[in-house]
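Listed below, chain by chain, are the residues.
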Amino acid sequence: MTELKPARILAIETSCDETACAVLENGRSLLASSVASQMEVHARFGGVYPEVASRQHILAIIPVIEQALAESHLTLKDVDALAVTRGPGLAGSLVVGMNVAKGLALGTGLPLVGVNHLEGHIYSSWVYNQGESMPAAPQFPLMALLVSGGHTELDLMTDHLTYRRLGATLDDAAGEAFDKVARLLQLGYPGGPAIQKAASEGDPNRFRFPRAWMEATHNFSFSGLKTAVLYQVRELEQKGRGLPVADLAASFQAAIVEVLFTKTIQAARQFGAKEILVAGGVSANQALRTTFKNQNEFPVHIPALSLCTDNAAMIAAAGYYRFALGHTSGLDMDVLPTWPLS
Ligand code: KG4
Ligand code: ZN
């Protein structure tokens, strides 16, 4: 690939319940990353409350940008382009980041780049902290497993910004399944980390929950698994016994991890991928990370924990490749609440 021009990107991310800003150099070296999480606010409602999320973004966005600039010891004059998440996400949340980014672009004259949030998750594996040694960049063709709260899909990436969507969930996303089962087990919000914690003390073989293999496709389905956990909980409750929450969580987690891992490896073999990449909030899951790291058929890229859930460093990384490859956007760009990667 030809050398790309060097550039510093300031990125803004407000697609869901994190208000984030980051400054990144040359698509990889992270100078600063600031994230204001609304998790505590939404925990009261058991999930993200869209209207509350947009109001929180409005309150947090300017301080978060100021913090990222202060942390990087830079001003807007030292930045070459602005990137902002365009979608998918909550429209009322996206619009806050988008309008601030447009205002900054208008005020400074800097070019503006709209970034797909899912593309951002994928690019989190290019990012490393400034001052640390630079890890090898993922190599194409790359099999990307994208597992977040809203999406679960397998994408074949043959070059920068070039994706072929092979399959996706037909019902719940993996993160959504974690969140719903956590609610069922009264483990609170967000569900993924709560299930992981409970599962660490449980027996993953106690309950044999179903695995939907969706044979001969690269699709997924998790709603049957969620229902199986519900029926198991009801049966145990009818017997009047206390719920073995740790064993239920561990058995549920084992079923999800086995399906995600097996289908990704199969797809990587079928499409001749050189490497595998796992991204999105669920890639923070320890059982999933360990399962991928314990095989040695394919090199695997999984982001550092701080980059798995929503952040702006990943938007800056994807924004850099868009900017360097000539994909800038006009000030008339709008948010796209549903924006498939391919
Ligand atoms: O990527 P993300 O921060 O937001 C979206 O783009 O959706 O993903 C959030 C999802 C939530 O469903 C959350 O429960 C899940 O990622 N998650 C986890 C873990 N940490 C976050 N799922 C399983 N294990 C975890 N440790
Ligand atoms: Zn996300």
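Everything numeric here is computed off the predicted structure, so don't read it as measured data. (Residues numbered from 1 in each chain as written. Chains lettered and ligands numbered in written order. Predicted model: local features only at pLDDT ≥ 70, side-chain atom pairs only at ≥ 80, totals over all residues. Heavy atoms only, no water.)

K.L.:
I'm lost on the overall build of the chain in this one. Help?
P.N.:
Along the backbone of the chain there are 11 helices and 11 strands. Here the chain has a C-alpha radius of gyration of 20 Å; the compact-globule value for 342 residues is 20 Å, and the two agree. Summarising its shape, the C-alpha atoms of the chain cover approximately 65 × 45 × 35 Å along the three principal directions. Looking at the chain residue by residue over its 342 residues, the buried ones come to 55%. Look at the contacts in the chain between residues 6 or more apart in sequence, and 74% of them connect residues 24 or more apart. Accessible area for the chain stands at about 14,600 Å²; split by element, carbon and sulfur atoms hold 51% of it. Counting 26 positive and 32 negative side-chain charges, the chain places the averaged centre of each group 4 Å from the other. (Helix = DSSP H or I, 4+ residues; strand = E, 2+ residues; numbered from the N terminus. Rg over C-alpha atoms; globule rule 2.2 N^0.38 Å. Buried < 20%, exposed > 50% of the residue type's maximum accessible area, 1.4 Å probe, protein only. Contact = heavy atoms within 4.5 Å. Areas by Shrake-Rupley, 256 points an atom, 1.4 Å probe, with all protein chains shown as cover. Lys, Arg positive; Asp, Glu negative; His and termini not counted. Charge placed at Lys NZ, Arg CZ, Asp CG, Glu CD.)

K.L.:
Just to check I follow, could you spell out the domain arrangement of the chain for this structure?
P.N.:
Accessible area lost when the parts come together is the quantity often used to give the size of an interface. The assigned domain composition of the chain is domain 1 (8-127 + 306-324) and domain 2 (142-302). Computed over C-alpha atoms only, the centres of domain 1 and domain 2 are separated by 27 Å. Between domain 1 and domain 2, the contact holds 20 residues from the first and 21 residues from the second. With both chains or domains summed, domain 1 and domain 2 bury close to 1,700 Å², and 72% of this area falls on carbon and sulfur atoms. If you sort the residues of domain 1 by the area they bury against domain 2, L118, I122 and C308 come out on top, with a joint share of 34%. Seen at the junction of domain 1 and domain 2, the total is 0 salt bridges. Counting the contacts that link domain 1 with domain 2 gives 6 residue pairs in polar contact (both at pLDDT 80 or more). (Domains from an automatic or database assignment. Buried area = accessible area lost by both parts, 1.4 Å probe. Salt bridge = Lys/Arg side-chain N within 4 Å of Asp/Glu carboxyl O. Polar contact = N/O pair within 3.5 Å; in protein donor to acceptor, adjacent residues only side chain to side chain.)

K.L.:
Just checking my understanding: could you explain the packing of helix α2 (residues 50-72) against helix α3 (residues 91-108) for this structure?
P.N.:
Any two packed helices are characterised by how steeply their axes cross, that is the angle between the axes, and by the distance between the axes. Axis separation between α2 and α3 bottoms out at 8 Å; the angle between their running directions is 30°. On the basis of the axis angle, α2 is roughly parallel to α3. Note on packing geometry: the crossing formed by α2 with α3 is right-handed. Each of A53, S54, H57, I58, I61, I62 and I65 in α2 lies in contact with α3, whose residues at this interface are G92, S93, V96, V100 and L104. A per-class count over the contact of α2 with α3 returns 8 nonpolar, 4 polar and no charged. (Axes fitted to C-alpha atoms, helices over the stretch in contact; angles between N-to-C directions. Parallel < 35°, antiparallel > 145°, perpendicular 65-115°, else oblique. Left-handed = near helix turned anticlockwise from the far one by under 90°. Nonpolar A, V, L, I, M, F, W, Y, C, P; charged D, E, K, R; others polar.)

K.L.:
Would you explain the environment of S33 in this entry?
P.N.:
You can see S33 is positioned in strand β3 (residues 29-37). Considering only alpha carbons, one finds S33 and Q266, 233 residues apart in sequence, at a separation of 35 Å. Setting aside residues up to four positions removed in sequence, S33 forms contacts with C21, A22, E71 and A313.

K.L.:
Would you mind showing me how to read the sheet that holds strand β2 (residues 18-25) here?
P.N.:
Sheet strands associate in pairs through backbone hydrogen bonding, adopting either a parallel or an antiparallel arrangement. Taken together, 6 strands build an open sheet; the order of strands is β5-β4-β1-β2-β3-β6 and the sheet is mixed. Among the strands making up the open sheet, the edge pair consists of β5 (112-116) and β6 (128-129). The pairing of β3 with β6 spans 2 bridges and is classified as parallel. By the bridge assignment, S29 is partnered in β6 with Y128. Where α2 meets the sheet, it contacts β1 (8-13), β2 and β3, and its direction lies at approximately 25° from that of β2. (Pairing = 2+ DSSP bridges.)

K.L.:
I would appreciate a short explanation of the site of ligand 1 in the present structure.
P.N.:
By nearness alone, 19 residues border ligand 1, and H121, G149, D179, G192 and Q196 come closest of all. Between an oxygen atom of ligand 1 and a side-chain N or O atom of H121, the distance comes to 2.9 Å. Contacts to ligand 1 include G150, whose backbone N or O atom sits 3.4 Å from an oxygen atom. For ligand 1, the protein covers 88% of the area, taking 550 Å² as the surface of the free molecule. Examining the composition of the shell around ligand 1, we find that 4 residues originate from one element, helix α6 (residues 191-199), more than from any other. Residue composition of the shell around ligand 1, by class: 4 nonpolar, 13 polar and 2 charged. When residues are assigned to domains, the shell around ligand 1 turns out to be shared by domain 1 (8-127 + 306-324) and domain 2 (142-302), each giving three or more. (Near = heavy atom within 4 Å.)

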